[in-house]
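Chain by chain, the residues run as shown.
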Amino acid sequence: MKFTKLATSALVFASVILSAGIASAQSVPTRGTSANYLGAGVAAGVTNGGQDNDAATLGGNIQGRFAVPNAPVSVRGSVLFGGDATAAMPIVTYDVPVAKNTNVYVGGGYSFVTEEGQSTPLGNQNSPVVTIGAEREIANNFVIYGDAKWGIDAYENSSADALSIQSGVGLRF
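First, a word on what this report is: a plain description of the structure on this page. (Residues numbered from 1 in each chain as written. Predicted model: local features only at pLDDT ≥ 70, side-chain atom pairs only at ≥ 80, totals over all residues. Heavy atoms only, no water.)

**Describing a nonpolar patch on the surface**
Taken together, the side chains of Leu38, Ile62, Phe66, Val75, Phe81, Val92 and Phe173 define a hydrophobic patch exposed on the protein surface, amounting to about 680 Å² of accessible area. Every element with two or more residues in the nonpolar patch is listed here: strand 2 (58–67) and strand 3 (73–82). As for its placement among the helices and strands, Val75 is situated in strand 3. Judged by its relative accessible area of 44%, Val75 is partly exposed. (Patch = residues over 30% accessible without salt bridge, like charges linked within 9 Å, V, L, I, M, F, W, Y side chains within 5 Å. Areas by Shrake-Rupley, 256 points an atom, 1.4 Å probe, with all protein chains shown as cover. Salt bridge = Lys/Arg side-chain N within 4 Å of Asp/Glu carboxyl O. Helix = DSSP H or I, 4+ residues; strand = E, 2+ residues; numbered from the N terminus. Buried < 20%, exposed > 50% of the residue type's maximum accessible area, 1.4 Å probe, protein only.)

Structure, rendered in structure tokens:
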């Protein structure tokens, strides 16, 4: 039941964001960014599962994006570190251009924790992940990005979900 409510909330939120992007695109022609990049920054876990080794954790992130040519999707990779373990995530996103050199995106993937039971910014066990974020190309070779990742049932011995917020700067390739 809890999963159904959370999934419904995520879908409603994503549809509002995508609708705003589509409405914006219909009124003013926009071209987001198709930049492929690899970046690094900060990651902040903002939830706690209520057990040992699952406190909110501050750490870092390494994220990358590969835009699929001629399609509004991207393949992304993210590594969140801090605490006693690392969470690695392959993610596929739907990208919506909202302004010149700017996209918002929503997608999903899976989080693989290197040592289950040990803390990361996104929980302490393997779990499905939903992400929503934005990226903007700020100069010829640089992109800034920020997103939130929601790990569903991401804590061992708990039914709690995890939430982590990331931001960083990427180098275009």
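**Re the environment of Ser159**
With respect to the helices, strands and loops of the structure, Ser159 is situated in the loop between strand 7 (142–151) and strand 8 (162–172). For the pair Ser159 and Gly49, spaced 110 residues apart in sequence, the C-alpha to C-alpha distance is 7.8 Å.

**Examining empty space enclosed by the protein**
Scanning the entire structure with this criterion turns up 1 cavity of 30 Å³ or more. Here the largest cavity defines a volume of roughly 60 Å³. Tyr37, Gln63, Gly64, Arg76, Gly77, Ser78, Ile91, Tyr105, Thr131, Asp147 and Lys149 together form the lining of the largest cavity. Among the secondary structure elements, those contributing two or more residues to the lining of the largest cavity are strand 2, strand 3 and strand 7. Ranked by residues supplied to the lining of the largest cavity, first place goes to strand 3 with 3 residues. Looking at the lining of the largest cavity residue by residue, the classes come out as 3 nonpolar, 5 polar and 3 charged. (1 Å grid on protein atoms, 1.4 Å probe; cavity = no way out; pocket = protein on both sides within 12 Å on 5 of 7 lines; lining within 4 Å. Points joined across faces, edges and corners; volume = space filled by probe spheres on them. Nonpolar A, V, L, I, M, F, W, Y, C, P; charged D, E, K, R; others polar.)

**Section: the packing of aromatic side chains**
A full pass over the atoms with the stated rule returns 2 aromatic pairs. When the ring of Tyr37 is compared with that of Tyr145, the centres are 5.8 Å apart and the planes differ by 20°; the resulting orientation is stacked. Placement of Tyr37 in strand 1 (residues 37–45) and of Tyr145 in strand 7 is noted, with a sequence separation of 108 residues between them. Per residue, the accessibility class of Tyr37 equals that of Tyr145, and both read buried. With centroids separated by 5.0 Å and ring planes inclined at 55°, the aromatic side chains of Tyr110 and Phe112 adopt a geometry described as tilted. Against the face of Tyr105 rests Arg76, its NZ or CZ located 3.7 Å from the ring centre. (Phe/Tyr/Trp six-rings, centres within 6.5 Å; stacked < 30°, edge-to-face > 60°. Lys NZ or Arg CZ within 6 Å of the ring centre and 35° of its normal.)

Purely geometric numbers; function is a separate question.
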